[in-house]
Amino acid sequence: MVLARTATSFGRDKGSTGMSMALNGKLVTVFGASGFLGRHIVQALARRGYRIRAAVRRPDLAEHLQPLGAPGQIMPVQANLRYRWSVDRAVQGADAVVNAVGILFPSGKQSFDAVQSFGPRAIAEAARAAGLSRITHISAIGADEASASDYARSKAEGEKGVHETLPGSVILRPSIVFGPEDDFFNKFASMSRIAPVLPLIGGGETKFQPVYVCDVAEAAAKSVDGVLTAGATYELGGPEVVSFKECLELMLHVTRRKRTLLPIPFDVANALGRVMQILPKPLLTADQVELLRSDNVVSEVAIKEERTLEGMSVKPATLAAILPTYLDRFREHGQFDAHRAA
């Protein structure tokens, strides 16, 4: 089989029944390919005809990626950002590199510094050694070296490492990313099944600009295509700016549940986070509470300079259009509640 001449058909997430795309022969290494965002980036690249090397810590757990492309188009390989030799091997021979690795809380040796601070620099250095002039790096709105949050600080340090190594790299900073398997709406919808009360950290006033995962993936694919400005940092948000409280209210409306929303002061939430973060998969950490002290929205400067989804001709999807497609399973009777009276 000659992969560059193979044609295949892929389903679309946003309204189309499919498309036909001949493979273009170019190879893209995607770090974090098996994660929530990573798998959508893989799919967006596959639709464009790229061959994809899915660099993940556990290739045996990445088999779900291969049906997203033609036979042989997507191949998982082992890579761990803490082991430079594995990063070099994953990048070797690639025409482009995307880093979608990120964590919400540290676990074992997977610390914020190892994954989000030092890891991006290692990828950029490996890409430079392989002859590439840029990579695409997924960061986050709110990245700040001076932040009291380890998450935000390490994200900023990762950006700095990438730009110092490969100044032409494109940085994508999304707000909260939503979609199937997200860790925000799914988490609170799951809590609402059994908890009569949902917490509003800091009173629920923090502002977000939730962005659909497929829109972020499209931005990453455009970067690989080379149509985004080299060296630029793009801020990605959806069409709506909503508060934490409004997010939970919309989730409850979609799942057709009535729950009390209880405001919790930041100091109390911080104490709860310090206790809960010792769990293997904590619902809340002190670092996440710190993040909620600041709004997470696209800046006016980015809008003015067109470093946004709209600026790259991507029309972002709304929460109302997408949430019912995956939160209906949290209704009392699951998706079978679809035709019942609201």
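Residues numbered from 1 in each chain as written. Predicted model: local features only at pLDDT ≥ 70, side-chain atom pairs only at ≥ 80, totals over all residues. Heavy atoms only, no water.

1. Regarding the pattern of salt bridges
For the structure on display, the rule yields 16 salt bridges. With a shortest N-O distance of 4.0 Å, Lys160 and Glu145 are connected by a salt bridge. Within this pair, whereas Lys160 is found in helix 4 (residues 150-165), its partner Glu145 is found in the loop between strand 7 (136-138) and helix 4, the two being separated by 15 residues in sequence. Residue classification places Lys160 among the partly exposed residues on the basis of a relative accessible area of 40%. The salt bridge involving Glu290 is made with Arg293; its shortest N-O contact spans 3.4 Å. Each of Asp113, Asp150, Arg153 and Glu157 takes part in salt bridges that share partners, so that together they form one network. (Salt bridge = Lys/Arg side-chain N within 4 Å of Asp/Glu carboxyl O. Helix = DSSP H or I, 4+ residues; strand = E, 2+ residues; numbered from the N terminus. Buried < 20%, exposed > 50% of the residue type's maximum accessible area, 1.4 Å probe, protein only.)

2. Overview of the packing of helix 3 (residues 112-129) against helix 4
Between helix 3 and helix 4, whose axes approach to 8 Å, the crossing angle comes to 10 degrees. One way to sum up the angle between helix 3 and helix 4 is to call them roughly parallel. Between helix 3 and helix 4, the residues in contact are Phe112, Asp113, Gln116, Ser117, Pro120, Arg121, Ala124, Glu125 and Arg128 and Asp150, Tyr151, Arg153, Ser154, Lys155, Glu157, Gly158, Gly161, Val162, Glu164 and Thr165, respectively. Across the contact of helix 3 with helix 4, the residue classes tally to 5 nonpolar, 6 polar and 9 charged. (Axes fitted to C-alpha atoms, helices over the stretch in contact; angles between N-to-C directions. Parallel < 35°, antiparallel > 145°, perpendicular 65-115°, else oblique. Contact = heavy atoms within 4.5 Å. Nonpolar A, V, L, I, M, F, W, Y, C, P; charged D, E, K, R; others polar.)

3. Structural notes on the nonpolar core
Judged by nonpolar contacts, the single largest core of 73 residues is most densely connected at Val30, Ile41, Leu45, Leu172, Phe185, Met251 and Leu327. For this core, the element with the most residues is helix 6 (residues 213-225), which contributes 8 residues. When sequence neighbours within four positions are dropped, the list of residues in contact with Leu327 reads Phe185, Asn186, Ala189, Met251, Val254 and Thr255. Counting residues in each nonpolar core, the second largest holds 23 residues, with Ala55, Phe112, Ala124 and Ile171 among its members. (Core = buried A, V, L, I, M, F, W, Y, C linked by side-chain atoms within 4.5 Å.)

4. Some points on helix 3
The terminal C-alpha atoms of helix 3, which comprises 18 residues, lie 25 Å apart, in line with the 26 Å expected from a rise of 1.5 Å per residue. Residue Gly119 marks the point of greatest curvature in helix 3, where the axis turns by about 45 degrees; the proline Pro120 follows within four residues. Taken as a whole, helix 3 has its buried residues at Phe112, Ala114, Val115, Gln116, Ser117, Gly119, Pro120, Ala122, Ile123, Ala124, Ala126 and Ala127. Packed against the buried residues of helix 3 are strand 3 (27-31), helix 2 (84-91), strand 6 (96-99), strand 7, helix 4 and helix 9 (286-291). (Expected span 1.5 Å × (residues − 1). Bend = angle between axes of the 7 residues up to and from the residue.)

5. Quick look at the side chain of Ser117
Examined against the element boundaries, Ser117 turns out to sit in helix 3. The buried category is assigned to Ser117, whose relative accessible area is 7%. A polar side-chain atom of Ser117 sits 2.8 Å from a polar atom in the side chain of Glu157. Those residues in contact with Ser117, other than ones at most four positions away along the chain, are Phe112, Ser154, Glu157 and Gly158. (Polar contact = N/O pair within 3.5 Å; in protein donor to acceptor, adjacent residues only side chain to side chain.)

6. A word on the environment of Ala320
Here Ala320 shows up in helix 11 (residues 319-322). Along the chain, Ala320 and Met251 lie 69 residues apart, while their C-alpha atoms are 9.6 Å from each other.

7. Notes on unusual backbone geometry
In the Ramachandran plot, Arg256 falls in the positive-phi region, its phi being about 55 degrees despite a non-glycine side chain. Along the chain, the position of Arg256 falls in the loop between helix 7 (244-255) and strand 15 (260-264). Taking the relative accessible area as the measure of exposure, Arg256 reaches 33% and is therefore partly exposed. Of note in this structure, Ser313 is not a glycine but carries a positive phi near 65 degrees. If you trace the backbone, Ser313 turns up in the loop between helix 10 (300-304) and helix 11. The exposure class of Ser313 is exposed, given its relative accessible area of 66%.

8. Points about the sheet that holds strand 3
Strand order in the open sheet made by the 7 strands is 5-4-3-6-7-8-13, with parallel pairing throughout. Of all strands in the sheet, those with a lone pairing partner are strand 5 (74-78) and strand 13 (233-236), marking the two edges. Pairwise comparison of adjacent strand axes, ignoring direction, gives a mean angle of 20 degrees for this sheet. Of the pairings in the sheet, the one linking strand 7 to strand 8 (residues 170-174) comprises 3 bridges and is parallel in character. Residue pairing for strand 8: Ile138 is matched across the bridge by Leu172. (Pairing = 2+ DSSP bridges.)

Any functional reading would require information beyond the geometric quantities listed.
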